Amino acid sequence: MGCLDISPYKGLCGFWVSLFKWVPVLVISSVVAWSYYAYVVHLCILTVESDVEKALLLILYHVSVTLFLASYWRTVWTRPGDIPKRFRLTSDELDSVEGSESDEGQKRLLEQIVIDKDLPVAMRTIQGAVRYCEKCAMVKPDRAHHCSVCGSCVLKMDHHCPWVNNCVAFNNYKFFVLFLFYGLVYCIFIALSSLKYFILYWTHSVGGQVGHGKFHILFLFFVSSMFSISLCSLLGYHIHLSLNNRTTLEAFRAPVFRRGPDKEGFSLGKKANLAEVFGDDWWKFALPVFTSFGDGLTYPQRFSEDPEMGYGNGQQVSNSRQESNTQDLSKDDAVTLVVQA
Ligand code: ZN
Ligand code: ZN
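Definitions and cut-offs
- Throughout, residues of each chain are indexed from 1 in the direction in which the sequence is written.
- To label them, take the chains in the order written and letter them from A, then take the ligands in the order written and number them from 1.
- Totals for whole chains, interfaces and linings use every residue, but because this is a predicted model, local features are given only for residues with pLDDT of at least 70 and side-chain atom pairs only at 80 or more, for both listing and counting.
- Secondary structure follows DSSP: runs of H or I at least 4 residues long count as helices, runs of E at least 2 residues long count as strands, and numbering of each begins at the N terminus.
- Residue burial here comes from a neighbour count, namely the number of other C-beta atoms, placed from the backbone, that lie within 10 Å of the residue's own C-beta, with 20 or more meaning buried, 12 or fewer meaning exposed, and in between meaning partly exposed.
- Each residue is represented by a C-beta atom placed from its backbone, and any two residues with such atoms within 7 Å are regarded as in contact.
- Here, a nonpolar core denotes buried Ala, Val, Leu, Ile, Met, Phe, Trp, Tyr and Cys residues that are linked to one another through C-beta atoms within 7 Å.
- What marks off one domain from the next here is an automatic or database domain assignment.
- How far a helix is expected to stretch is found by multiplying one less than its residue total by 1.5 Å.
- A score from 0 to 100, pLDDT tells how confident the predictor is in each residue.
- To get an axis, a line is fitted to the C-alpha atoms, and for a helix only the part in contact is used. The angle between two axes follows their N-to-C directions and goes from 0 to 180 degrees.
- In this scheme, roughly parallel covers angles under 35 degrees and roughly antiparallel covers those over 145, while 65 to 115 is roughly perpendicular and the rest are oblique.
- Crossing chirality is assigned from the near helix's rotation relative to the far helix, an anticlockwise turn below a right angle marking it left-handed and a clockwise turn marking it right-handed.
- Each residue gets one label: Ala, Val, Leu, Ile, Met, Phe, Trp, Tyr, Cys and Pro are nonpolar, Asp, Glu, Lys and Arg are charged, and the others, such as Gly, are polar.

Let's talk about the overall build of the protein
Okay, step 1: Helix and strand content of the protein: nine helices and eight strands.
Okay, step 2: Looking at the protein residue by residue over its 341 residues, the buried ones come to 37%.
Okay, step 3: Summarising the internal contacts of the protein: among those between residues at least 6 apart in sequence, 65% fall at separations of at least 24.

What follows is the structure, given as structure tokens:
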């Protein structure tokens, strides 16, 4: 689960490295546990006097914390996207590919391998070759990249996030965006509902809580406001990426097809792009359940590529998901971005 069992580090040292990578998750969990105690006990139970206000705040708080933790939990514990075995090169194939005397020979060999194995890859390297990972000894499916932290290739890799100790990729990208969204809702709700008491305590015009209790509420406001700002910018960026059907890696380096690089290569229009990640059942849209389209291996493209008729024939692909029979490759891996939230 998570990255723990697919860590590239081995032995006792690897065990400690894997354990250390859980520290950010522990930090987030501790902050949420403290905020629960400060909000429920010190704000709602010991400070708020009106029973109606108390009940309302407690209900809304528990709804937001539940959705937030469920999204976070699923981002942390969902396998980000394993590559099927059929993409793996046999030792003979690997020897031939690695032993090729020229780039052109290697390119031809890889093209032959994807045809023989009937691998649906449309992307290519900038040199026009099928993308393959030397470390994993496999052909990379479209939009898959090698994560140097996890030590493996991951389907539709977005980035490796230390705050969830997991890759954010095809299987958990929706959960990650919801985690940012509900995290923001949680922080804004706490900041707004504690603002009145924050001002009262700050101006010393309320008795009630003394000592530690007062500081819990002051910190509650400060911490939730601070997190709101960073979550807002991060969520805004990922909504922008989702609307354009782009991963963080693709925002930095446009996907390359037979016809060349195309930053909008997978874009199908704003509504269809959102549906690719969130699905088309409106009531499941905001729930932390998997509703993304597809299998993570093939993706509909803006322009279809027909290997029989030449590529980039200019035919616009509509919202319908379409199997692609072309191939693809790359040598650009190990691009691991971390979230600086
Ligand atoms: Zn790899
Ligand atoms: Zn990773």
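Observations concerning the nonpolar core
Okay, step 1: By size, the foremost hydrophobic cluster in this structure holds 67 residues, and its most contacted members are Met138, Val139, Val154 and Ala169.
Okay, step 2: Counting residues per element, this core draws most heavily on helix 6 (residues 173-202), which supplies 15 residues.
Okay, step 3: When residues of this core are assigned to domains, at least three map to each of domain 1 (4-78 + 172-243) and domain 2 (81-162 + 246-341).
Okay, step 4: When near neighbours in sequence (up to four residues on either side) are disregarded, Ala169 contacts Pro80, Gly81, Val154, Leu155, Lys156, Met157 and Asp158.

Focus on the environment of Ser96
Okay, step 1: In this structure, Ser96 sits in helix 4 (residues 91-98).
Okay, step 2: Ser96 sits in the partly exposed class, given 17 other C-beta atoms within 10 Å.
Okay, step 3: With 13 residues separating them along the chain, Ser96 and Leu109 place their C-alpha atoms 7.9 Å apart.

Description of helix 3 (residues 51-77)
Okay, step 1: Across its 27 residues, helix 3 extends 38 Å between first and last C-alpha, which sits within 8% of the 39 Å expected from 1.5 Å per residue.
Okay, step 2: For helix 3, the complete set of buried residues consists of Leu57, Tyr61, Val65, Leu67, Phe68, Ser71, Tyr72, Arg74, Thr75 and Val76.
Okay, step 3: Turning to helix 3, the residues buried within the fold contact helix 2 (23-45), strand 6 (166-168) and helix 6.

Section: the confidence of the model for the protein
Okay, step 1: For the protein, mean pLDDT is 85; residues scoring 70 or higher make up 84% of the total.
Okay, step 2: Ranking the helices and strands of the protein by mean pLDDT puts strand 6 first, with 97, and helix 1 (residues 11-20) last, with 85.
Okay, step 3: pLDDT under 50 marks residues 1-6. Its contacts with residues more than four places away, or in other chains, come to 14 contacts.
Okay, step 4: Ignoring residues within four places in sequence, the model shows residues 307-341, a span with pLDDT below 50, making 97 contacts including any to other chains.

A word on the packing of helix 3 against helix 6
Okay, step 1: One can describe the packing of helix 3 onto helix 6 by two numbers: an axis separation of 8 Å at closest approach and a directional angle of 155°. Here helix 6 runs roughly antiparallel to helix 3, going by the angle between their axes. Classified by chirality, the crossing of helix 6 by helix 3 is left-handed. From helix 3, Leu57, Leu60, Tyr61, Ser64, Val65, Leu67, Phe68, Ser71, Tyr72, Arg74 and Thr75 reach across to helix 6, where they touch Phe175, Phe176, Leu178, Phe179, Tyr182, Gly183, Val185, Tyr186, Phe189 and Ser193.
Okay, step 2: When grouped by side-chain class, the residues that make up the contact of helix 3 with helix 6 number 15 nonpolar, five polar and one charged.

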